[in-house]
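# Summary of the model geometry
What follows is each chain in one-letter form.
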Amino acid sequence: MGLRTRTKVVIGIATGVVVIGAAAVIAGPVIYANTVNGQAAAAPSLSAAPSGSGATLDAQQADGTWTSTSSSYAGYRVHEVLQGNDVDVVGRTKDVEGTATVDGGSLTKATVTVQVATISTPEAARDEYFRSKALQTDRYPTATFALTEPVDVSKALDGSTQDVTLTGTMDLHGVEKPVTADAQVAVTKNGAVQVVGSVPITFADYGVEAPSLGFVTVDGKGSVEFSLDLAK
């Protein structure tokens, strides 16, 4: 999308009430920012075998359709400024379905669908705003990335960690836009394939308004991150 950089959904207003959270008010913005930043997961990275390890796939093994396994995940990374303090917020879900088709050393088709209503962070109030206000997941429950141009992945199949650009479309909040994702591909020691990366997005492009509440300002741009473990 399946889906580097930052995606913004909020500490904002949930059902008309400011949901910045008691921690920010009582403990102060510096402590709150440090707490949230400490909870933010790192960007997806390859856990697959490194280059030169001998983890390879020949054409017969590689060609065909690959499906995401239960260890795959996707989500968002957002940045906001709370009274002068930088805060990075990361949401994750494992409700991801991905398929990829490999033919002759090229990735020819790929689709990743994420159940956005199940994306969660350590703060329930933020998640409620994300679902009910920002992305209206009752109306738009999924986000989907679909590959539109084939990608040469032969280096990854030969045992290297390969940097690739995935060109496709993102369907989010009922709006479909062309996007590109910076990603890495590698073959794991057990013969599976891992793909990690991110899709930068601008919220206004998808009809999503990043709120500014005075004490907290949410960037208008962010990213959708993904880590896909694929098996045949």
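Anything mentioned here points back to the structure above.
A few points on the structure. (Residues numbered from 1 in each chain as written. Predicted model: local features only at pLDDT ≥ 70, side-chain atom pairs only at ≥ 80, totals over all residues. Heavy atoms only, no water.)

### Here's the deal with the overall build of the protein
Note the threshold: To qualify as a helix, a DSSP run of H or I must reach at least 4 residues; to qualify as a strand, a run of E must reach at least 2; elements of each kind are numbered from the N terminus. Exposure classes here rest on a 1.4 Å probe applied to the protein chains alone. A residue is buried below 20% of its type maximum, exposed above 50%, and partly exposed in between. In short, Shrake-Rupley with a 1.4 Å probe defines the accessible areas, and a residue's cover is counted only from the protein chains shown.
Along its length, the protein carries five helices and 14 strands. Here the protein, with 232 residues, has 47% of them falling under the buried criterion. Of the roughly 10,500 Å² of accessible surface on the protein, a fraction of 50% belongs to carbon and sulfur atoms.

### Examining helix α4 (residues 124-134)
Going by this rule: Here the arc refers to the directions that run from the helix axis out to each C-beta atom.
Among the residues of α4, those classed as buried are Arg126, Asp127, Tyr129, Phe130 and Ala134. Each buried residue of α4 sits inside an arc of 160° when the element is viewed along its axis, so together they form one side. Where α4 ends, the next residue or the one after it, Gln136, has phi of about 45°, a positive value.

### Observations regarding the side chain of Gln162
Note the following rule: A 3.5 Å cut-off defines polar contacts: any pair of N or O atoms within that distance qualifies, except that in protein one atom must be a possible hydrogen donor and the other a possible acceptor, and neighbouring residues in sequence count only when both atoms are side-chain atoms. Pairs of residues are marked as contacts when any of their non-hydrogen atoms sit within 4.5 Å.
Assignment of secondary structure puts Gln162 in strand β10 (residues 162-172). One polar contact links the side chain of Gln162 to the main-chain carbonyl oxygen of Asp152, over a distance of 2.7 Å. Residues in contact with Gln162, not counting those within four places in the same chain, are Asp152, Val153, Ser154, Lys155, Ala156, Ala183, Gln184 and Val185.

### What to know about the packing of aromatic side chains
Rules: Think of it this way: a Phe, Tyr or Trp ring, Trp meaning its six-membered ring, pairs with another when their centres are within 6.5 Å, and the plane angle makes it stacked under 30 degrees, edge-to-face over 60, tilted otherwise.
Applying the stated criterion across every chain yields a total of one aromatic pair. A centroid spacing of 4.9 Å and a plane angle of 25° characterise the contact between Tyr76 and Phe130, whose relative ring orientation is stacked. A residue pair is termed long-range when its members are at least 10 positions apart, and Tyr76 in strand β4 (residues 73-82) and Phe130 in helix α4 qualify at 54 residues. Assessed through its relative accessible area of 2%, Phe130 is described here as buried.

### Focus on the pattern of salt bridges
Heads up, the condition is: Salt bridge criterion: a side-chain nitrogen from Lys or Arg within 4 Å of a carboxyl oxygen from Asp or Glu.
Under the defined criterion, the tally for this structure stands at two salt bridges. Taking the shortest distance from any N to any O, the salt bridge between Glu225 and Arg77 comes out at 2.6 Å. Of this pair, Glu225 sits in strand β14 (residues 221-231) while Arg77 sits in strand β4, and the two are 148 residues apart along the sequence. Each of Arg77, Arg92 and Glu225 takes part in salt bridges that share partners, so that together they form one network.

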